[in-house]
Amino acid sequence: MPYFVPLVAFGRIESAETPLAFTPRLVLTTHMLKLAGPGLDEPLTTLTGVGEARAALLERLGLRTVGDLLLHAPRRYEDRTHKKAIHDLVLQETTAVQGVIQAMGVKSWRQGTGNLFEIILSDGQDRLHCRWWNQPYLEKQFAVSQSLLVYGRISSVRPRTMDNPEFEPLEEAEAQIHLGRVVPVYPLTEGIRQRWLRSLIWHALADHAGSIESSWGDLRRQAEAVTGKPMPVSGALLAVLPDRREAIRQLHFPATLAAATTARQRLALEELLDLQVELRRRRQRLVAGAPGRACPSDNRLIKPFLARLGFKPTAAQVRVLREIRADLSHAVPMRRLLQGDVGAGKTLVAACAALMTIEAGVSVVIMAPTEILAEQHFRTFERWFQPLGVPVELRTASRRVEADVPAQEPRLRVGTHALLSAGAAPDNLGLVVIDEQHKFGVAQREALVRQGVYPHLLVMTATPIPRTLGLTVYGDLDVSVLDELPPGRGVIRTFVRGPEKLPQVWQFIREKLQAGRQAYVVYPRLEESDTAASIKAAAEELGVVSQAMAPFQVRLLHGRLPAEEKERIMREFAANQVQVLVATSVVEVGLDVPNACVLLVDGAERFGLAQLHQLRGRIGRGGHSSWCVLLARQMTVEARHRLRVLEETADGFRIAEEDLRLRGPGELLGQAQSGLPPFRFAELKTDHDLVVLAAWLATHALQP
Ligand code: ADP
Ligand code: MG
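Residues numbered from 1 in each chain as written. Chains lettered and ligands numbered in written order. Predicted model: local features only at pLDDT ≥ 70, side-chain atom pairs only at ≥ 80, totals over all residues. Heavy atoms only, no water.

1. Digging into the overall build of the chain
Selection rule: Put simply, DSSP H or I for four residues or longer makes a helix, DSSP E for two residues or longer makes a strand, and each gets a number counted from the N terminus. Here's how the labels work: a residue is buried when its accessible area is under 20% of the maximum for its type, exposed when over 50%, partly exposed in between, all with a 1.4 Å probe on protein chains only. The contact definition used throughout considers only heavy atoms, calling two residues in contact when any of these lie within 4.5 Å. Note on areas: these come from Shrake-Rupley sampling with a 1.4 Å probe, and a residue is covered only by the protein chains present in the view.
Tallying secondary structure elements over the chain gives 20 helices and 22 strands in all. Within the chain, buried positions represent 55% of all 704 residues. Of all intrachain contacts in the chain linking residues separated by at least 6 positions in sequence, the fraction that spans at least 24 positions is 74%. Roughly 30,300 Å² of accessible area belongs to the chain as shown, and the carbon and sulfur atoms make up 51% of that amount.

Rendered as structure tokens:
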């Protein structure tokens, strides 16, 4: 396995019957920043003030070594640099004040049940009362005439008073850990106090920051040494980002709030660089050590195929096919991501790529995420390929169709995860196509590729991946984009409605059915992992819809139905014997019934925008105008705001960007997307510039 670097490790196929039992043991090496240097691996008990008990508490924060402690990032900062004259203090203001202790003492309070320690602080002009309840021991820490910094909220102005302020005697305030500066506020756990942890980190930095080793050298110099490759705009950041050691210092005790930001950016850049360099190494190992099979094609099959297809490929499809053809003709295995909005015609691209490979005398598999989609592909490809004499087979957990031809004969095998079982892929495998890639994990994608001798790989997705994510999650793939929809598509209009509008919505759908169209009704509650309760709920929904739609035929489609039944329902819907399909989000992936032009999503606020966009892609496939109704059961301000994006745009790319911004990368890519690397400092949501910079540096400045 020469190209098989630590990025992905695999488990066994544990059972041929339940191929989902395939468990990747370790999916991605973490790219979370780690510190190296003498003493940084020492346990925290080597620090003054940390015994076994405290060490155990710190471990709850994930802190074991000195290095861990130095990477414990503040949750936020408080700017305590500005001191004010007591005279200028106003009610409720939070601020730092410097003064001299004029008087102090403990008073008892509430008939002696409580006590109050009070200091009167003078700045030469005015006086400030500082009060602490039930901490009489504080008295021992202060003396009259001593200089003191306090930080707190003004709870009263007559006289001016602070309750429970933080304090720092000025003699030792050379160190000024807690006041008179921008102060870090850390995540804590019970038993660890903010002030104590802050001091601990302060002293750990003083003793150990000097031994932090830098790992990337002087990035700015290396970037400047690159000639002829224009640096991205974010390259300007290199002039202001501190080196790693300084970044760690500024992360905790920044000179200004802005310095805290650049410190985090520097550390995030390092994480992103780690990942980018890793991805490039992986690619190089693939090129160097994984001989694939050149598949020169002669158009023998493609020509007649396109001639009888009935429509012309779009310019985008032609361009992408040219890219794929160039890849296939080389012995370096293709690793290509095809990104195309819903309805852009990815299936046709897959079909042509398959024919190119079969022309070269080797087999192809196409893997789809659900049985419903695999069955649909099977039907499409049978229709397309049978006239050409190309065998088409099916392999899912519940159904197998095998062509009656010799084992060596090239063929297309369509299937689900079942293709991952040992021996399930055909011999002589030349190309693997993975449809709706975002529904699979990285490990699954790789598992199939490794079954043959490094077949070519084409993964397809309709989730338009914002560039930031594309560079990180799919950084090891070449990307082709289908940026053009086939001509003659009807317009889709989208409306967001509350449940009170449901009667009108039903009426509207009936009108469309009467005009000969069909409709989807999607419920998020009908999950794929159906329990008895949710199946019962589904049956009830079905009853409601059937009644509202009578006499039109309504059927329920969900992931747990037996395969033949799903297949039958899909056939009936495709043939317009069934007019309304009530479904779970299984219809999200790839169903293609051009006469269906109404989509109602009930509980739309529970879906991500990208997912709703996918659902919406089920309609608007024919020449008819289409309508998408997003019914929000709980119309919060946030939901309203999110869903409006779909009313406003059909641009999948913009929608995905918005989803990334509003919900973060995990939501956008779905749980199956285990390829998302965990970071400590990098934030894919916001660090677009850093990702681009890291990719540029890894490509041009840091030769792995
Ligand atoms: P997706 O990219 O979402 O997988 P499909 O491959 O299912 O989209 O294509 C959507 C529909 O568009 C299908 O009915 C397909 O046959 C049709 N189609 C694909 N390419 C073209 C084209 N060049 N011209 C006209 N229709 C096309
Ligand atoms: Mg598709």
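Next, the rest of the story.
2. A few points about the pattern of salt bridges
What counts, and what does not: Whenever a carboxyl oxygen of Asp or Glu lies within 4 Å of a side-chain nitrogen of Lys or Arg, that contact is scored as a salt bridge.
With the rule as written, the count across this model stands at 29 salt bridges. One salt bridge in this structure joins R568 and E565, with 3.7 Å as the shortest N-O distance. Placement of both R568 and E565 in helix 15 (residues 563–574) is noted, with a separation of three residues, approximately one turn of the helix. The class for E565 is partly exposed, based on a relative accessible area of 30%. In this structure, E567 engages R571 in a salt bridge whose closest nitrogen and oxygen atoms are separated by 2.5 Å.

3. Structural notes on the packing of helix 7 (residues 302–309) against helix 9 (residues 346–359)
Put simply, the rule is: To get an axis, fit a line to the C-alpha atoms, keeping to the stretch in contact for a helix; angles then go from 0 to 180 degrees between the N-to-C directions. Note on angle classes: values under 35 degrees are labelled roughly parallel, values over 145 roughly antiparallel, values of 65 to 115 roughly perpendicular, and the remainder oblique. All residues other than Ala, Val, Leu, Ile, Met, Phe, Trp, Tyr, Cys, Pro, Asp, Glu, Lys and Arg, Gly among them, are scored as polar; the first ten of these are nonpolar and the last four charged.
Axis separation between helix 7 and helix 9 bottoms out at 10 Å; the angle between their running directions is 150°. In terms of axis orientation, helix 7 runs roughly antiparallel to helix 9. Residues I302, F305, L306 and L309 of helix 7 lie in contact with helix 9, whose contacting residues are L348, A351, C352, L355, M356 and E359. Taken together, the residues that form the contact of helix 7 with helix 9 break down as nine nonpolar, no polar and one charged.

4. Overview of the sheet that holds strand 13 (residues 412–415)
Within a sheet, adjacent strands bond to each other through the backbone by hydrogen bonds, running parallel or antiparallel. As a reminder of what qualifies: The criterion for strand pairing is that DSSP finds at least two bridges linking the strands in question.
Strand order across the open sheet formed by eight strands is 12-11-13-10-14-15-9-16, with mixed pairing between neighbours. With partners counted over all chains shown, the strands left at the sheet margins are strand 12 (400–401) and strand 16 (478–482), one partner each. Examined bridge by bridge, strand 10 (residues 363–367) and strand 13 share four bridges and lie parallel to one another. When the sheet's bridge partners are listed, V364 is paired in strand 13 with L412.

5. Quick notes on the pairing of strand 15 (residues 456–461)
Along strand 15, six of the six residues are buried, which leaves the element largely enclosed by surrounding structure. On strand 15, burial covers both faces: H456, L458 and M460 on one face and L457, V459 and T461 on the other are all buried. Bridge count between strand 9 (residues 335–340) and strand 15: five bridges; the pairing is parallel. In the sheet register, L338 faces strand 15, and the bridge partner there is M460. Two elements, strand 14 (residues 429–434) and strand 15, share four bridges in a ladder whose sense is parallel. Across the sheet, the residue bridging to V433 is L458, located in strand 15.

6. Topic: the pairing of strand 21 (residues 596–602)
Two faces belong to every sheet, and in a regular strand the side chains alternate between them. Here is the rule: Handedness rule for crossovers: strands pointing away from the viewer, path from the first strand over the helix to the second running clockwise, crossover right-handed.
Most of strand 21 is tucked away: seven of the seven residues are buried. One ladder, built from five bridges, connects strand 18 (residues 518–522) with strand 21; its direction is parallel. Pairing of Y520 across the sheet is with L599, part of strand 21. Where strand 21 and strand 22 (residues 626–631) come together, five bridges link them in parallel fashion. Bridge pairing in strand 22 places D602 opposite L631. Note on the crossover from strand 21 through helix 16 (residues 609–616) to strand 22: the handedness is right-handed.

7. Brief notes about helix 7
As a reminder of what qualifies: Read the arc as the range of directions from the helix axis to the C-beta atoms.
Considered for burial, the residues of helix 7 that qualify are I302, F305 and L309. When helix 7 is viewed along its axis, its buried side chains cluster within an angular range of 65° and face the same direction. Exposed side of helix 7, more than 90 degrees from the buried face: K303, A307 and R308 are the residues found there. Check the buried side of helix 7 and you find it contacts helix 8 (315–328), helix 9 and helix 10 (371–385). Within two residues after helix 7, G310 carries a phi angle of roughly 100°, on the positive side.

8. Observations concerning the packing of helix 6 (residues 257–289) against helix 20 (residues 688–701)
For any two helices packed against each other, one specifies the inter-axial angle together with the distance between the axes. Here is the rule we go by: The sense of a crossing depends on the near helix, which, turned anticlockwise from the far helix by less than a right angle, makes the crossing left-handed and, turned clockwise, makes it right-handed.
Following both chains from N to C, one finds helix 6 and helix 20 inclined at 45°, their axes separated by 8 Å at the closest point. By the angle between their axes, helix 6 is oblique relative to helix 20. Helix-helix and strand crossings are classified by hand; for helix 6 and helix 20 the assignment is right-handed. Each of Q265, A268, L269, L272, L273, Q276, V277 and R280 in helix 6 lies in contact with helix 20, whose residues at this interface are L690, V691, L693, A694, A695, L697, A698 and T699. Residues of the contact of helix 6 with helix 20, tallied by class, amount to twelve nonpolar, three polar and one charged.

9. Some thoughts on the nonpolar core
What counts here: Among buried residues, those of type Ala, Val, Leu, Ile, Met, Phe, Trp, Tyr and Cys that are joined through side-chain atoms within 4.5 Å constitute a nonpolar core.
Core analysis: the largest hydrophobic core is formed by 62 residues, its most contacted members being L69, L269 and L697. With ten residues, the single largest contributor to this core is helix 20. Not counting the four nearest positions on each side in its chain, L697 is found in contact with L219, A223, L238, L269, L273 and L702. The next biggest cluster of nonpolar side chains, apart from the first, holds 44 residues, and it includes L309, L328, V349 and L388.

10. As for the site of ligand 1
To keep things clear, this is the line we draw: Working definition: residue near molecule or strand if any one of its non-hydrogen atoms lies within 4 Å of it. Whenever a nitrogen or oxygen atom comes within 3.5 Å of another N or O atom, the pair is scored as a polar contact, on the condition that within protein one atom can donate a hydrogen and the other can accept it, and that pairs from neighbouring residues in sequence are kept only if both atoms are in side chains.
In the vicinity of ligand 1 lie 16 residues, with G343, K346, T347, R489 and D592 positioned nearest. At 2.9 Å from a nitrogen atom of ligand 1 is found a side-chain nitrogen or oxygen belonging to Q317. Between ligand 1 and T347, the relevant distance is 2.6 Å, taken from an oxygen atom to a side-chain nitrogen or oxygen of the residue. Coverage of ligand 1 by the protein amounts to 88% of the 570 Å² it exposes when considered alone. Tallied by class, the residues present in the shell around ligand 1 amount to five nonpolar, five polar and six charged.

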